[in-house]
Amino acid sequence: MKTEDLKALQAPLKKKYSNDPQSAVITLHASGKLGEGISCKVDTGRALTQAGLHPATGGDGTMLCSGDLLLEALVACAGVTLNAVATSIGITIKEGKVRAEGDLDFKGTLGVSKEVPVGFQNIRLYFELDCDAGEETKQTLLKLTERYCVVLQTIVAATPVSANIHALKK
């Protein structure tokens with residue numbers, strides 16, 4: 001996609017959201033169904049994904065770990081965002097790769113140690129690019145990608161999450 005095409009595609013949306021700020025507020029949904037053993041089947045809208053215990057917590061490794069899914073969501077969002085930003089500021093990317101790594105200490109998850117936090121302790125996001133940009137422009141690309149990546153900003157901002165239990169509707 002060319003810069004002009006992206007701007008033309010987004011211009012009416014930006015105008016709409018400027019004129020009617022509430023129209024920009026969208027609620028995304030995800031759902032799953034508890035599966036056999038210790039698993040959860042998640043409907044991604046494109047396929048059914050089954051998540052289960054990581055081998056470090058007793059899983060057999062045949063199902064996806066939700067930590068992997070979080071990193072995959074980060075990679076997907078960051079990749080799309082980087083590509084959109086590059087297009088927007090006129091950088092041509094010939095080829096690119098995105099990779100995320102996260103460190104977990106399962107002593108927290110398994111309740112072995114109350115001092116060890118549950119969740120990722122560090123997450124690293126890497127981009128490898130073959131593009132026509134100089135170092136300064138690449139740093140601008142990185143900064144804008146970090147700024148506009150929804151998943152990255154959600155993680156960094158430690159967005160509040162509420163949880164509730166309701167009776168299953170049959």
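One structure accompanies this document, and this report is about it.

Scoring rules and cut-offs
- Each residue is numbered by its place in its chain's sequence as written, counting from 1.
- Per-residue local features of the predicted model are confined to residues with pLDDT of at least 70, and side-chain atom pairs are confined, for both listing and counting, to 80 or more; whole-chain, interface and lining totals are unaffected and use all residues.
- The side-chain numbers reported here are obtained from all heavy atoms of the structure, hydrogens and water having been left aside.
- Numbering of helices and strands starts at the N terminus; helices are DSSP runs of H or I of at least 4 residues and strands are runs of E of at least 2.
- How far a helix is expected to stretch is found by multiplying one less than its residue total by 1.5 Å.
- We define the bend at each residue as the angle formed by axes fitted to the 7 residues ending at it and the 7 residues starting at it.
- Contacts are assigned to residue pairs that have any heavy atoms within 4.5 Å of one another.
- Note on exposure labels: buried denotes an accessible area under 20% of the residue type's maximum, exposed denotes more than 50%, and partly exposed covers the range between, all computed with a 1.4 Å probe on protein chains only.
- Pairs of N or O atoms within 3.5 Å make up the polar contacts considered here, provided that, within protein, one atom can donate a hydrogen while the other can accept it, and that residues adjacent in sequence are counted only when both atoms are side-chain atoms.
- Note on ring pairs: Phe, Tyr and Trp rings are taken, using the six-membered ring of Trp, and paired if centres are within 6.5 Å. Classes follow the plane angle, with under 30 degrees stacked, over 60 edge-to-face and the rest tilted.
- Distance and angle both matter: a charge sits over a ring if NZ of Lys or CZ of Arg is within 6 Å of the ring centre and within 35 degrees of the ring normal.

**Re helix α1 (residues 3-19)**
Point 1. Taking 1.5 Å per residue as the helical rise, α1 with its 17 residues ought to reach 24 Å, and the 24 Å between its terminal C-alpha atoms agrees with that figure.
Point 2. Of all the bends in α1, the greatest reaches close to 35 degrees and is centred on glutamine 10; the proline proline 12 follows between one and four positions later.

**Some remarks on the environment of glutamate 146**
Point 1. Relative to the helices and strands, glutamate 146 is located in helix α4 (residues 135-148).
Point 2. Taking the C-alpha atoms as reference points, glutamate 146 and proline 12, 134 residues apart in sequence, are found 24 Å from one another.
Point 3. Excluding residues within four positions of it along the chain, glutamate 146 makes contact with Leu152 and Gln153.

**Description of the environment of threonine 145**
Point 1. Along the chain, threonine 145 turns up in helix α4.
Point 2. What makes threonine 145 buried here is its relative accessible area of 2%.
Point 3. Sequence-wise, threonine 145 and valine 80 are 65 residues apart; in three dimensions their C-alpha atoms are separated by 9.1 Å.
Point 4. The contacts of threonine 145, once residues within four sequence positions are left out, are Ala78, Thr81, Leu82, Val85 and Phe127.
Point 5. A distance of 2.7 Å separates a polar atom in the side chain of threonine 145 from the backbone oxygen of leucine 141.

**Topic: unusual backbone geometry**
Point 1. In this structure, alanine 158 takes a positive phi of about 50 degrees despite not being glycine.
Point 2. Position of alanine 158 relative to the elements: it lies in the segment after α5 (150-156).
Point 3. Relative accessible area serves as the criterion here: at 59%, alanine 158 is assigned to the exposed category.

**Let's talk about the packing of aromatic side chains**
Point 1. In this structure the tally under the stated criterion is zero aromatic pairs.
Point 2. Above the plane of the ring of tyrosine 126 lies arginine 99, whose end atom (NZ or CZ) is 4.2 Å from the centre.

Function cannot be inferred from these measures alone, as they are strictly geometric.
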